[in-house]
Amino acid sequence: MTIYNYLNPTLKNLLGEEMPKEQLEDKFLTPTKFSQEIERLVKKSEGLITYIEAVVTYCQENEIELETVPKLISKPLKERLKHEAQRLNYMKQSSKGVLPL
């Protein structure tokens, strides 16, 4: 291997065929992509499905184990899921900053 190979790395699949970087990135699911897909599902349903349902549906359709989802959830999506879970009484309401009446 020459120094030229180190300066100009190429992405190859298991068969040794060169792959464009975009094609390689499409194979891996990042938190950003996952969040965008969940947002797309919720918007496309026009409010018929919740964020929680969208996560479960996306995972079922793409054969993703639910145990791996926490690694894929971005901070904004986590906040939306938390708010929704509190609204649906799946979680206790957080009392930070709320004055008693």
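Residues numbered from 1 in each chain as written. Predicted model: local features only at pLDDT ≥ 70, side-chain atom pairs only at ≥ 80, totals over all residues. Heavy atoms only, no water.

Enquirer: Can you help me understand the nonpolar core in this one?
Expert: Nonpolar side chains tend to gather and get buried jointly when the protein is soluble and globular. Formed by 14 residues in total, the largest nonpolar core has its most connected members in F34, I38, Y51, V55, Y58, C59 and L77. Mapped by element, the contributors of at least two residues to this core are helix 3 (31-44), helix 4 (51-61), helix 5 (69-72) and helix 6 (75-87). With 5 residues, helix 4 is the largest single contributor of residues to this core. Contacts of L77, omitting those with residues within four sequence positions, involve F34, S35, I38 and Y51. (Core = buried A, V, L, I, M, F, W, Y, C linked by side-chain atoms within 4.5 Å. Buried < 20%, exposed > 50% of the residue type's maximum accessible area, 1.4 Å probe, protein only. Helix = DSSP H or I, 4+ residues; strand = E, 2+ residues; numbered from the N terminus. Contact = heavy atoms within 4.5 Å.)

Enquirer: Sorry if this is basic, but what is going on with unusual backbone geometry here?
Expert: One can expect most non-glycine residues to show negative phi and most peptide bonds to be in trans. Look at E63: it is not a glycine, yet its phi comes out positive at around 55 degrees. Locating E63 in the fold gives a position in the loop between helix 4 and helix 5. By relative accessible area, which is 75% here, E63 ends up exposed. For N89, which is not glycine, the phi dihedral falls at a positive 60 degrees. By the secondary structure assignment, N89 is in the segment after helix 6.

Enquirer: Sorry, what's going on with the environment of P70 here?
Expert: Topologically, P70 is positioned in helix 5. Put simply, P70 and P31 are 39 residues apart on the chain and 9.4 Å apart in space, counted from C-alpha to C-alpha.

Purely geometric numbers; function is a separate question.
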